[in-house]
Amino acid sequence: RSVFEIEAPQIKEGFKANLSLFVPDLQWIFNKSLNKSKSENSMFLDKQLIGKPFGIVNGSSFVLNEYD
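Residues numbered from 1 in each chain as written. Predicted model: local features only at pLDDT ≥ 70, side-chain atom pairs only at ≥ 80, totals over all residues. Heavy atoms only, no water.

## Points about the overall build of the chain
When its secondary structure is counted, the chain shows zero helices and three strands. Ordering the α and β elements of the chain from the N terminus gives β-β-β. The dimensions of the chain, computed from C-alpha atoms along their principal axes, are 40 × 30 × 25 Å. Out of the 68 residues belonging to the chain, those deemed buried represent 15%. In the chain, of all internal contacts separated by at least 6 residues, the share reaching a separation of at least 24 is 45%. (Helix = DSSP H or I, 4+ residues; strand = E, 2+ residues; numbered from the N terminus. Buried < 20%, exposed > 50% of the residue type's maximum accessible area, 1.4 Å probe, protein only. Contact = heavy atoms within 4.5 Å.)

## What to know about a nonpolar patch on the surface
A grouping of Val 3, Phe 4 and Ile 6 is seen on the molecular surface, where their side chains present a nonpolar patch of about 380 Å² in accessible area. Mapped onto the fold, Val 3 is located in the segment before strand E1 (18–30). (Patch = residues over 30% accessible without salt bridge, like charges linked within 9 Å, V, L, I, M, F, W, Y side chains within 5 Å. Areas by Shrake-Rupley, 256 points an atom, 1.4 Å probe, with all protein chains shown as cover. Salt bridge = Lys/Arg side-chain N within 4 Å of Asp/Glu carboxyl O.)

## Brief notes about the packing of aromatic side chains
Taken as a whole, this structure holds one aromatic pair when the rule is applied. Relative to Phe 30, the ring of Trp 28 lies with its centre 6.1 Å away and its plane at 85°, an arrangement referred to as edge-to-face. Accessibility expressed as a relative area gives 13% for Trp 28, which makes it buried. (Phe/Tyr/Trp six-rings, centres within 6.5 Å; stacked < 30°, edge-to-face > 60°.)

## Structural notes on the sheet that holds E1
Pairing within the open sheet is antiparallel, and its three strands lie in the order E1-E2-E3. Each edge of the open sheet is held by one strand with a lone partner, namely E1 and strand E3 (61–64). Averaged over all pairs of adjacent strands, the angle between their axes in this sheet comes to 20°, without regard to strand direction. In this structure, strand E2 (residues 47–58) lies alongside E3, joined through four bridges in antiparallel fashion. In the strand pairing of E3, Ile 56 is matched with Val 63. (Pairing = 2+ DSSP bridges. Axes fitted to C-alpha atoms, helices over the stretch in contact; angles between N-to-C directions.)

## A look at unusual backbone geometry
Even without glycine at this site, Glu 5 takes up a positive phi of about 55°. When you line up the elements, Glu 5 lands in the segment before E1. Unlike most non-glycine residues, Asp 46 shows phi in positive territory, near 60°. In this structure, Asp 46 sits in the loop between E1 and E2. Judged by its relative accessible area of 59%, Asp 46 is exposed.

Written out as structure tokens, the structure is:
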């Protein structure tokens, strides 16, 4: 953030929410059906990963990922 001179979001009463929802210890396999990118050459395809994002809160928007 300092390189781009972007202020870090704050978690305080009265501020807009800007949060990533993440399960740090969840183990899962990333495969083609979960890939939202147009690219199909990810080095992570068919690999077991640890930690998984499951949504965001941005201002008054609450968005969950479409996968389990």
